[in-house]
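Residue-level structural notes
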Amino acid sequence: MDISFEQAEQRTRLAVLTMDKGEAVHVMHPNQIVAFQGQPSLREDSFMKLSNMYRKKRFIQSRISGPSRCMLGLPEGYSLGMVAIKEDDDLLFEFKHVLFYMEGMTFRTHIQTIRNAIMTRDLVKMRFQGPGNLGLLTSGPLYQVELHPDNPLFVDVNCLVAYPQHIELKPCVYGNTLASQHMNYHWELKGTGSVLLQPCKPDKQLDEHMQGDSLIRRVLREVIPFGGIFIK
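Residues numbered from 1 in each chain as written. Predicted model: local features only at pLDDT ≥ 70, side-chain atom pairs only at ≥ 80, totals over all residues. Heavy atoms only, no water.

Under an unreviewed UniProt entry, the chain has the name AIM24 family protein and belongs to Paenibacillus baimaensis.

Things to note about the pattern of salt bridges
As a reminder, the rule being used: The salt bridge criterion pairs a side-chain nitrogen of Lys or Arg with a carboxyl oxygen of Asp or Glu, the two atoms within 4 Å. Exposure is judged per residue with a 1.4 Å probe applied to protein chains only, and the accessible area is read against the type maximum: over 50% gives exposed, under 20% gives buried, and values in between give partly exposed. For helices the rule is a DSSP run of H or I covering at least 4 residues; for strands it is a run of E covering at least 2, with both sets numbered from the N terminus onward.
Counted by the stated rule, this structure contains 6 salt bridges. In this structure, Arg43 and Asp45 form a salt bridge, with 3.0 Å as the shortest nitrogen-oxygen distance. Among the residues examined, Asp45 registers a relative accessible area of 42% and is labelled partly exposed. A salt bridge links Arg63 to Glu103; the nearest nitrogen and oxygen atoms lie 2.6 Å apart. Separated by 40 residues along the polypeptide, Arg63 in strand β6 (residues 60-65) and Glu103 in the loop between β10 (98-102) and β11 (106-111) bring together distant segments of the chain. Exposure remark for Glu103: the relative accessible area of 38% places this residue in the partly exposed category. By sharing partners, the salt bridges in this structure join Glu44, Arg63 and Glu103 into a single network.

Some remarks on the side chain of Gln32
Convention followed: It only takes one pair of heavy atoms within 4.5 Å for two residues to be counted as in contact.
Looking at the element boundaries, Gln32 is found in the loop between β3 (24-27) and β4 (33-37). Setting aside its immediate chain neighbours within four residues, Gln32 contacts Met71, Leu72, Gly73, Leu74, Pro75 and Leu99.

As for unusual backbone geometry
Cis geometry is adopted by the peptide bond preceding Pro67, which originates at Gly66 and carries an omega value of 5°. Relative to the helices and strands, Pro67 resides in the loop between β6 and β7 (68-73). Omega for the peptide link from Gly130 to Pro131 comes to 10°, which places this bond in the cis form. With respect to the helices and strands, Pro131 occurs in the loop between β12 (124-129) and β13 (132-139).

Focus on the nonpolar core
Let me state the cut-off plainly: As used in this record, nonpolar core signifies buried Ala, Val, Leu, Ile, Met, Phe, Trp, Tyr and Cys residues forming a set joined through side-chain atoms within 4.5 Å.
Residues Phe93, Phe128, Leu134, Leu136 and Leu196 are the most contacted members of the largest nonpolar core, which totals 19 residues. Among the elements of the structure, β8 (78-85), β9 (91-93), β10, β12, β13 and β16 (160-164) are those that each provide at least two residues to this core. With near-sequence residues (within four places) excluded, Phe93 lies in contact with Val83, Ile85, Lys125, Met126, Phe128, Leu134, Leu136, Val161, Ala162 and Leu196. Leu17, Val25, Phe100 and Leu137 belong to the second largest nonpolar core, which has 15 residues in total.

A word on the sheet that holds β9
The condition that has to hold: For two strands to count as paired, DSSP must find a minimum of two bridges between them. Fitting a line to C-alpha atoms yields each axis, with helices limited to the stretch in contact; the angle taken between N-to-C directions then spans 0 to 180 degrees.
On the basis of which strands lie adjacent, the open sheet formed by 6 strands has the order β11-β12-β9-β16-β19-β14 and antiparallel pairing. One side of each edge strand has no neighbouring strand; the edge strands of this open sheet are β11 and β14 (143-146). Going from strand to strand, the sheet's axes swing by 30° on average, the running direction of each strand aside. In this sheet, strand β19 (residues 194-197) lies alongside β14 in antiparallel orientation, the contact comprising 4 bridges. Across the sheet, Gln144 pairs through a bridge with Leu196, a residue of β19.

Structure below.
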């Protein structure tokens, strides 16, 4: 699969996925498909599993197989980050960031501690295993930062996209009294490997997925033909 980007006003607005015969990609946000070039039968939409519906706040996903081209539009203020996943990778992701993943990749759930689940409002993280490419929708470009086993890295809880499963991780604040009283909660991370960060805190008004939506409205929009057009 080949991935290219097109820009407008010096900003990436479109990601183009080109699949050869025998290749396929699973798109977790079908509404971001702005154009498709290929035989109509090469796009297959299906309902997600119930657990994935809850985590993605979406009901339908798309499987795009080749030979075809699929063009994904990026919401204003968001970027597409590409991560090459190896067979033995142990990075844990928030599922809401996943825009697409290549067929052949697998993923499984990782249950967080109650403390960390309360902090992130998410009980489960997802561990992907490859080989393959993972497309992540993030607020600003995706950055990789190396960890140290003794010197902690402090990251705003809203900016941490993925981290290795084996590291030490706990919520905290840091700095002097004034700093700790007025800052958002951070993750304190120690260990080896690297973490993935988004440099901007999500703006919930830019993407209904990040802010959530009425359950009934989401069901009607996803299930009724052309529901996304008539139900706002």
